[in-house]
Amino acid sequence: MYTDDLAIIDKKIDELINDKTIYNFEILKEKIIEILNGVEMFMIENELDSKAIDLYLKKVITKRNELVKQKENTILQDTKENRYKIIEEICKKCDFQTKEELIQKIEELEKKNIYELDEILNR
């Protein structure tokens, strides 16, 4: 019975970890409480165990921070391959009427450094 609860909780925690939305500490804590609320194994005298909340909160924050760092490391490695991946992603966001417009935009982006490209991509 507890294994089913744990599997459901782990699935929801993984979804929260991989959620791209940026949450502050309090909202993350509220989301953890929503996930754990009502699960008998985390209840002590009809109240949610604060240690369980803290444990899962630490896990979520740690994993989310690791994902952000991995993303930053991959994007900001100034390699030719990464530069063109970012340029490609920027161009996918744009709507070009002709090939000439696309080529002009690529030439314009090729002159920018990796940090400028990353900034443009995240606008």
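Above this text sits the structure in question.
Residues numbered from 1 in each chain as written. Predicted model: local features only at pLDDT ≥ 70, side-chain atom pairs only at ≥ 80, totals over all residues. Heavy atoms only, no water.

1. Topic: the pattern of salt bridges
Argument step 1. Taken as a whole, this structure holds five salt bridges when the rule is applied.
Argument step 2. Glu15 is paired through a salt bridge with Lys11; the nearest N and O atoms lie 3.5 Å apart. In this pair, Glu15 and Lys11 are both assigned in helix H1 (residues 2-18), four residues apart and thus about one turn of the helix distant.
Argument step 3. Given a relative accessible area of 53%, Lys11 falls into the exposed group. (Salt bridge = Lys/Arg side-chain N within 4 Å of Asp/Glu carboxyl O. Helix = DSSP H or I, 4+ residues; strand = E, 2+ residues; numbered from the N terminus. Buried < 20%, exposed > 50% of the residue type's maximum accessible area, 1.4 Å probe, protein only.)

2. Quick notes on the nonpolar core
Argument step 1. If you look at the biggest cluster of nonpolar residues, it comprises 16 residues, and the most contacted ones within it are Ile9, Ile13, Ile32, Leu36, Phe42, Tyr56 and Val60.
Argument step 2. Among the secondary structure elements, those contributing two or more residues to this core are H1, helix H2 (25-36) and helix H3 (50-75).
Argument step 3. If you tally residues by element for this core, the top one is H3, at five residues.
Argument step 4. Discounting residues that sit within four places of it in the chain, Leu36 has contacts with Ile9, Phe42, Leu48, Ala52, Ile53 and Tyr56. (Core = buried A, V, L, I, M, F, W, Y, C linked by side-chain atoms within 4.5 Å. Contact = heavy atoms within 4.5 Å.)

3. Looking at the state of the cysteines
Argument step 1. Per the counting criterion, the structure on display carries zero disulfides.
Argument step 2. The structure places no disulfide on Cys91, whose sulfur is separated from the nearest cysteine sulfur, that of Cys94, by 6.0 Å.
Argument step 3. On the accessibility criterion, Cys91 (11% relative accessible area) is buried. (Disulfide = S-S within 2.5 Å.)

4. Brief notes about helix H6 (residues 114-121)
Argument step 1. Among all positions of H6, only Ile114, Leu117, Asp118, Ile120 and Leu121 are buried. Axial view of H6: buried residues confined to an arc of 160°, hence all on one face. In H6, those exposed residues whose orientation departs by more than 90 degrees from the buried face are Tyr115 and Glu119. (Arc of directions from axis to C-beta.)

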